[in-house]
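Chain and residue survey
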Amino acid sequence: MPNPVEILGRARNRIARVAAIRAGAYALAPAIVAVILALGLTPIGQATWMRWGYILAPERAAMLREILLAIAAGALAAGGIFAIRAHRRALDFVAAAQRVDDAMRAHEEILTFAALADPDLAESQKTARSPLFPLLWRHAIGLLERFDPIKTFPLAIGRPLARSSMIAGALAAVMIIAAMGLVRPPTREQAIANRLREIAREIEATSNDPTDRAIAGEARAAADALENRSLPPLQKEKKLKQAMRDIKQQKKQSESGNKKGAGAGAGSQATKGNGKGQSQGSDKGTGTGPGGKDKSSQPGSGSGKSQQGKNSGSNNQQGKQGKQSKDSSAELQKELAKAQAQVETDAKNSPKPDAKKPGDDTKPGNAPKSGGNPDKSGTTPNPDSARPGSVPTASANVHKNVPPTGGAQAGAKDFGSNQGDTHLGETPAAANYQRYLKPGEKGAALDIHDARYVMFRLPNAAVIGAGGKTVIDSNRPTASTAYVNAPLKETTDQSAPDERQLVPPRYRDLIH
Amino acid sequence: MGAAPQASPDQRVAEFRKTFSRAEQEVGRVIVGHQDVIRKLLTALFSGGHILIEGVPGLGKTLMCKAAADTLGLSFKRIQFTPDLMPSDIIGTQVLTESDGHREFQFKPGPIFAHVVLGDEINRATPKTQSAVLEAMEEHQVTVFGLTYRLDPPYIVLATQNPIELEGTYPLPEAQMDRFLFKVVMGSPKPEELREILARTTGTRAHQIEAIFKPATAAHEIETLKGLVREVMVAEPLERYIIAVIGACTPGGPGAIPEVSQYLRFGPSPRGAQAIILSAKVNALLAGRVSVSYEDIDDAVVPCLRHRLLRNFQAEAENVSTESILEQVHKRLKRPRA
């Protein structure tokens, strides 16, 4: 005979599991979408470069990737927490029984049974059960005999997943918009670096030759060096030159090998016969076209049998690839030259080492140069000294009898515009000023006709008596409390009178 | 007849259902229609409560009560309430008697000493007389000249009141209304029912009621069945539901709906919750269950609470009935779910 308490226990566990899975499913789609987007940022960046000529800067892409991965981790963590909470909540025996009751349409018999047979119930409560409890037990067995927790409480995660997908869709839309907002037209260096990478990809796609792959690797390294901001221009230039030298060297080696192969080992089966790749009609496959990547350095015997049919096809294809590889290589050299030129331009435009900050001279490994330290007296002109608004000399100020202006105190000076020197936002420094004489004081007459500012200070003292003695003015009237402009309270009620007077039916006849 | 004390729970429940069903049939032999009122009357009897029946004269209220008492083999007394009715006329009085040359006061019990007491047109008596019934209804005892007399169980007061003639009446105070388990309203019979009434009452054939219990054992049998009602189980979530119903009907109470706050002065007392549970238990037994369901509770809410809600001036002016307020409560209130 089935035990209804055990059946309800199984139902409770099933309900708890389903609740946990459903709660967790809400976070699943956003997490997956975030991970996919994080992994797809590189292809997205490439696509924007290829299609529209905009790039997603690597550091921005990295930042976005980190955000997406954090969102994914957060979603998974939240899903886990929700799942645990849902599982805990669903472990209530009576609540599970209520759901079983609803599913079985048992008119709360299972609910009542569970409330009285709860395993967590105190023993005293169990002994105080109604004499009718055995009958309820039998009713519960009858109802639960045909009860299957798995069928009654299916997983049914379609709805949570659908809702989760909506959240994931919104997340994807936001992140794609964010990615679109972060793409920028590339700088010249970035454009060249991207072009180099593109060429490297082309080379790798069209050739399996280790030399070609090495060239592609060089191109990638050059691109990385070009984009590396922390690398000084000189080193960039050096790397680019090195890359160009390597590529040229490899090209030369390739060409010399090709020539050797063409002269001594024509018809070798090892030939990669790029170029024309024509070997039909002869045992000696000629295959010596102007291949760029022909590596057939080993001399062939020339005694090959009639395999021309096959060789012609493969040689033809290899010839095409070789041509593409050659074109790519040429383009690569062109791009490297551009990059070098750009780096040289940047190096020229960048501030020279002697214009460094004064503190840089003390760094180890950098020998101080003459004129590099602006604190030292020397012949090196300070570029800032030619600018208007520089700090005037003390003598000039003394002569003019005006406070100093400009220079480091210039604040919001407008040097380049035609709006004039407005001195907006400045507070004049009180220097070289003349003041009015106090009562009774004697001195030279005030000469302010060339003054640029006149400042007044209001006295807080009054003169008492003829002797000109100044004391604190205590006769000035002062308010004991602060003035408050409080509005008067409304005294009239503007609301409409209540015209509807309700009268109960039994009083209606009494009122005339 | 009747289940032995050592009978199994199945047999006891079956016996209850059989008795109730037979009683319904027997009363239905003399009362045409009004099945719901008959069921409520018997429910009140097996729940140990009293019932207030409201209806116009001539509907068979008195006949129904008498038929119910006769069916169950219980003693029946009828009191016609009038303005000049005195409390002593109801509960009895001390009468000077002489026996063997000795004169002494002897208590002569009034009509309230019966198992089933019908208070006809109870709102015609003065409040003083009405209040004389209060102690009997609640305490099942009366006190005369300092002496307390117990009323034999089962004890049920069936009161009727006429809603149309209001002049010269004394509406029952709220405290007394609260003592009734149910208030049921008897409507006019349907045409088919009226035809049947005419056929039964104007012909030569008279319907005889067959008593289910013998008068000697009736009280004990009914008390046993009343004990069974009390044994029916109620789960804690359902008790919370009943409490929520009471709270929703109480102005200013927890979960009071806007209509309640707008139209009611007072809500139901704890007696209202007790009445709902007891009548729900009877409903469960009649359905063959030994535990109360939400349907049993919903079925009991209106008859148990309609006379316990005290309307305010605005509700009377706008003719808002307590039934409509309870309907709104039932609509708004949600059953507790997992």
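Residues numbered from 1 in each chain as written. Chains lettered and ligands numbered in written order. Predicted model: local features only at pLDDT ≥ 70, side-chain atom pairs only at ≥ 80, totals over all residues.

Another aspect to go through is the overall build of chain A. A tally of helices and strands in chain A yields 15 helices and two strands. In chain A, which comprises 512 residues, the proportion classed as buried is 27%. (Helix = DSSP H or I, 4+ residues; strand = E, 2+ residues; numbered from the N terminus. Buried ≥ 20, exposed ≤ 12 C-beta atoms within 10 Å, placed from the backbone.)

In this section: the overall build of chain B. When you go through chain B residue by residue, the secondary structure sums to 14 helices and 11 strands. A total of 338 residues make up chain B; the buried ones form 41% of that total. A separation of at least 24 residues holds for 74% of the contacts in chain B among residues at least 6 apart in sequence. (Contact = placed C-beta atoms within 7 Å.)

What follows is about the environment of Ile110(A). Residues and elements named next belong to chain A. Here Ile 110 shows up in helix α5 (residues 109–117). Overall, the presence of 30 C-beta atoms within 10 Å leaves Ile 110 in the buried class. Aside from chain neighbours lying at most four places away, what touches Ile 110 is Ala 97, Val 100, Asp 101, Met 104, Ala 140 and Leu 143.

Residue and element names in this part refer to chain B. Little of strand β4 (residues 102–109) is tucked away: zero of the eight residues are buried. Direction of pairing for strand β3 (residues 92–99) relative to β4: antiparallel, over a ladder of eight bridges. Note on β4: the bridge partner recorded for Leu 96 is Phe 105. The turn joining β3 and β4, which pair antiparallel and follow one another in sequence, is formed by two residues; a positive phi near 55° is taken by Asp 100. (Pairing = 2+ DSSP bridges.)

Before going further, it helps to examine the interface of chain A and chain B. Across the boundary between the two partners, chain A contributes 21 residues, which contact 24 residues of chain B. Those elements giving two or more residues to the side of chain A that touches chain B turn out to be α4 (93–104), α5 and α7 (133–144) of chain A. Of the residues that constitute the side of chain A that touches chain B, the class distribution is 14 nonpolar, four polar and three charged. (Nonpolar A, V, L, I, M, F, W, Y, C, P; charged D, E, K, R; others polar.)

Counting 145 residues, the largest nonpolar core has Ala34(A), Ile51(B), Ala68(B) and Val116(B) as the members making the most contacts within it. Those residues in contact with Ile51(B) that lie beyond four places of it in its chain are Lys40(B), Leu41(B), Ala44(B), Leu158(B), Phe180(B), Leu181(B), Phe182(B) and Val184(B). In this structure, Ile199(A), Ala216(A), Ala225(A) and Ala243(A) belong to the second largest nonpolar core, which totals 19 residues. (Core = buried A, V, L, I, M, F, W, Y, C linked by C-beta atoms within 7 Å.)

Right, let's talk about α4(A) for a bit. One turn of an α-helix holds 3.6 residues; hence residues three or four places apart share an orientation. With 12 residues, α4(A) extends 16 Å between its outermost C-alpha atoms, agreeing within 8% with the 16 Å of an ideal straight helix rising 1.5 Å per residue. Of the residues making up α4(A), those classed as buried are Val94(A), Ala96(A), Ala97(A), Gln98(A), Arg99(A), Val100(A) and Asp101(A). On its buried face, α4(A) is in contact with α1 (4–39) and α5 of chain A together with α9 (236–248) of chain B. Taken from the residues just after α4(A), Arg105(A) is the one with a positive phi, measuring 50°. (Expected span 1.5 Å × (residues − 1).)

All right, on to the packing of helix α10 (residues 188–206) of chain A against helix α11 (residues 210–227) of chain A then. Residue and element names in this part refer to chain A. Across the interface, α10 lies against α11 with an axial gap of 8 Å and an inter-helix angle of 165°. The orientation of α10 relative to α11 falls into the category roughly antiparallel. Here α10 and α11 pass one another in a crossing that is left-handed. Contact residues: α10 offers Glu 189, Gln 190, Ile 192, Ala 193, Leu 196, Arg 197, Ile 199, Ala 200, Ile 203 and Glu 204, while α11 offers Asp 212, Arg 213, Ile 215, Ala 216, Ala 219, Arg 220, Ala 222, Ala 223, Leu 226 and Glu 227. Partitioning the contact of α10 with α11 into residue classes produces 12 nonpolar, one polar and seven charged. (Axes fitted to C-alpha atoms, helices over the stretch in contact; angles between N-to-C directions. Parallel < 35°, antiparallel > 145°, perpendicular 65-115°, else oblique. Left-handed = near helix turned anticlockwise from the far one by under 90°.)

Let us look at the confidence of the model for chain B. Low-confidence regions, as indicated by low pLDDT, have predicted coordinates that should not be scrutinised in detail. All names here are of chain B. Put simply, chain B has an average pLDDT of 86, and 97% of its residues get 70 or more. The least confident element of chain B, judged by mean pLDDT, is helix α6 (residues 174–177) at 81; the most confident is helix α11 (residues 270–286) at 93. If you check the scores for this complex, the pTM reads 0.60 and the ipTM reads 0.82. (pLDDT = per-residue confidence, 0-100.)

In this structure, the amide linkage connecting Pro153(B) to the following residue, Pro154(B), adopts the cis form with an omega of -5°. When you line up the elements, Pro154(B) lands in the loop between β7 (147–150) and β8 (156–161). Of note in the backbone geometry, Arg105(A) takes a positive phi value of approximately 50° without being a glycine. If you trace the backbone, Arg105(A) turns up in the loop between α4 and α5.

Before going further, it helps to examine the confidence of the model for chain A. Residues and elements named next belong to chain A. For chain A, per-residue confidence averages 68 on the pLDDT scale, and 55% of positions sit at 70 or higher. Throughout residues 260–319 the model reports pLDDT below 50, and contacts reaching past four residues in sequence, or to other chains, amount to 123 contacts. Confidence over residues 353–420 falls short of pLDDT 50; this stretch has 68 contacts with residues more than four positions distant or in other chains.

We now examine the environment of Lys241(A). All names here are of chain A. Turning to its location among the elements, Lys 241 is positioned in helix α12 (residues 233–263). Exposure remark for Lys 241: the 14 C-beta atoms within 10 Å place this residue in the partly exposed category. Considered as a pair, Lys 241 and Ala 337 are 96 residues apart in the sequence and their alpha carbons are 8.6 Å apart.

Let's shift gears to the sheet that holds strand β9 (residues 182–185) of chain B. Residue and element names in this part refer to chain B. Strand order in the open sheet made by the five strands is β2-β5-β8-β1-β9, with parallel pairing throughout. Only two strands of the sheet have a single neighbouring strand rather than two, namely β2 (76–80) and β9. Neighbour-to-neighbour, the strand axes of the sheet open up by a mean angle of 20°, direction not taken into account. Here four bridges tie strand β1 (residues 51–54) to β9, and the two strands are oriented parallel to one another. Paired with Ile 53 across the two strands is Val 184, which belongs to β9.

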